[in-house]
Amino acid sequence: MQIQLNNQNYHSNEANQHYMSLSQFKSAIECESRLIAELKSEYERPNSLALTVGSYTHSAFESDQVFTEFIEKNKGVIFNTRGGKYADFKQADSMIETIKNDRFAMFALEGEKEVIYTGELFGVLWKIKVDAINHSRKTFTDLKTTQSLSKRYWSDKYSKYASFVEAYDYVLQMAIYREIIYQNTGAYYVPYIVAVTKETPPDKAILHFDDSRFEFELEYAKEHLPSIVAAKSGNKDPKRCEKCDYCRATKQLKNTFEIEFLLE
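Just so you know, the residues in each chain are numbered from 1, in the order the chain's sequence is written. The predicted origin of the model limits local features to residues at a pLDDT of at least 70 and limits the giving and counting of side-chain atom pairs to 80 or more, whereas totals for whole chains, interfaces and linings rest on all residues. No hydrogens and no water enter the side-chain calculation; it runs on all heavy atoms of the structure.

## Comments concerning unusual backbone geometry
Point 1. A cis amide bond, omega -5°, links T200 with the succeeding residue P201.
Point 2. Looking at the secondary structure, you find P201 in the loop between β6 (190-197) and β7 (204-208).
Point 3. Not every positive phi belongs to a glycine, and E114 is a case in point at roughly 50°.
Point 4. For helices the rule is a DSSP run of H or I covering at least 4 residues; for strands it is a run of E covering at least 2, with both sets numbered from the N terminus onward. On the secondary structure map, E114 appears in strand β1 (residues 112-121).
Point 5. Its identity as a non-glycine residue notwithstanding, F122 has a phi of 55°, on the positive side.

## Comments concerning the environment of K73
Point 1. Structurally, the position occupied by K73 is in helix α5 (residues 64-73).
Point 2. Counting along the chain gives 71 residues from K73 to K144, while the straight-line C-alpha distance between them is 22 Å.

## With respect to the nonpolar core
Point 1. Side-chain atoms within 4.5 Å are what join buried Ala, Val, Leu, Ile, Met, Phe, Trp, Tyr and Cys residues into a set we call a nonpolar core. The buried label goes to any residue with under 20% of its type's maximum accessible area, the exposed label to any with over 50%, and the partly exposed label to all in between, with areas taken from a 1.4 Å probe on protein chains only. Ranked by size, the top nonpolar core spans 42 residues in total, and within it F25, W126 and I176 carry the most contacts.
Point 2. At the level of elements, α2 (22-30), α3 (32-39), β1, β2 (124-134), α9 (164-167), α10 (170-185), β6 and α11 (212-232) are the ones that each hand at least two residues to this core.
Point 3. For this core, the element with the most residues is α10, which contributes nine residues.
Point 4. It only takes one pair of heavy atoms within 4.5 Å for two residues to be counted as in contact. Contacts of I176, omitting those with residues within four sequence positions, involve L22, L121, W126, L218 and A221.
Point 5. Counting 19 residues, the second-largest nonpolar core is a separate cluster that includes V53, F70, I96 and V194.

## Focus on the packing of α2 against α11
Point 1. At a closest axis distance of 10 Å, the pairing of α2 and α11 adopts a crossing angle of 85°. When the axis of α2 is compared with that of α11, the two are roughly perpendicular. Taking contact as the criterion, the partners of Q24, F25, A28 and I29 in α2 are, on α11, Y220, A221, H224, L225, I228 and K232. Simply put, an axis is a line fit to the C-alpha atoms, just over the touching stretch for a helix, and the angle between two N-to-C directions goes from 0 to 180 degrees. What sets the label is the angle itself: under 35 degrees gives roughly parallel, over 145 gives roughly antiparallel, 65 to 115 gives roughly perpendicular, and the rest give oblique.

## Overview of the packing of α10 against α11
Each packed pair of helices is defined by two parameters, the angle between the axes and the distance between the axes.
Point 1. Following both chains from N to C, one finds α10 and α11 inclined at 90°, their axes separated by 9 Å at the closest point. Judged by the inter-axis angle, α10 sits roughly perpendicular to α11. Residues V171, L172, M174, A175, I176, R178 and E179 of α10 lie in contact with α11, whose contacting residues are R213, F214, E217, L218, Y220 and A221.

## As for the side chain of E179
Point 1. Among the secondary structure elements, E179 is positioned in helix α10.
Point 2. For the buried E179, which has no salt bridge, the nearest side chain bearing the opposite charge is R178, at an N-O separation of 4.1 Å.
Point 3. Look past the residues within four positions of E179 in its chain and what remains in contact with it is L121, Y188 and L218. All tallies of charge rest on Lys and Arg as positive and Asp and Glu as negative; His and the ends of each chain are not included. Whenever a carboxyl oxygen of Asp or Glu lies within 4 Å of a side-chain nitrogen of Lys or Arg, that contact is scored as a salt bridge.

## Observations regarding the environment of I128
Point 1. Mapped onto the secondary structure, I128 falls in strand β2.
Point 2. With a relative accessible area of 0%, I128 lands in the buried category.
Point 3. Along the primary structure I128 and I116 are separated by twelve residues, whereas in three dimensions their C-alpha atoms are 5.7 Å apart.
Point 4. With residues near it in sequence (within four places) discarded, I128 still touches Y10, V115, I116, Y117, Y177, I180 and I181.

Next up, the structure:
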């Protein structure tokens, strides 16, 4: 029996155990053991200021009410003892204004906000939450913040230096979202990213995707899902990366290794 998702239970442990999501998939690619420990409530990642700032920025484009509620809930993190905002949130305000003052960017973000869909891909139930979807234009748009539009990142997945869009698996996200939206609407919607940088002043861009990119991403998901699903269902021991905070905290040494392997 499928769980009926809403904004209150979308991120719940029950929903995460029942459905696959992009955040789960990406987390498992990094370390299956950490993901499973989180799903079992045996481990909780430390609060990330970057994630809070990102949620702050996103909430500003959802609605004035949501933005106000977010500030009230997180005012201890946002405001210093003198009542002013910490530097990271001042920067976020600058990024928000950069987008809000751009008519084309705001046009791209028009539509229903934070829309939840579920579907099935490769025999696995998925859940997605779309930043903005416009049914009349058959488009959907995600807001992303980044350090720089042109910064290069080494990607083992692509075996090359890649843009932030590729490095953080946003192409994969658009491919999965596109398929799940199709299952719910009967049409393939066109994905866009509205990107804004953390520079002073912020840079910005609206990014689209060549459809040829999506086939590789879907094959990538199909290849890696069986191991992740088996770990979630308890049918195999989850793989440890031995590099993340969870693995470092739970590591038990069993052997030695030659110093050559320190740089692997």
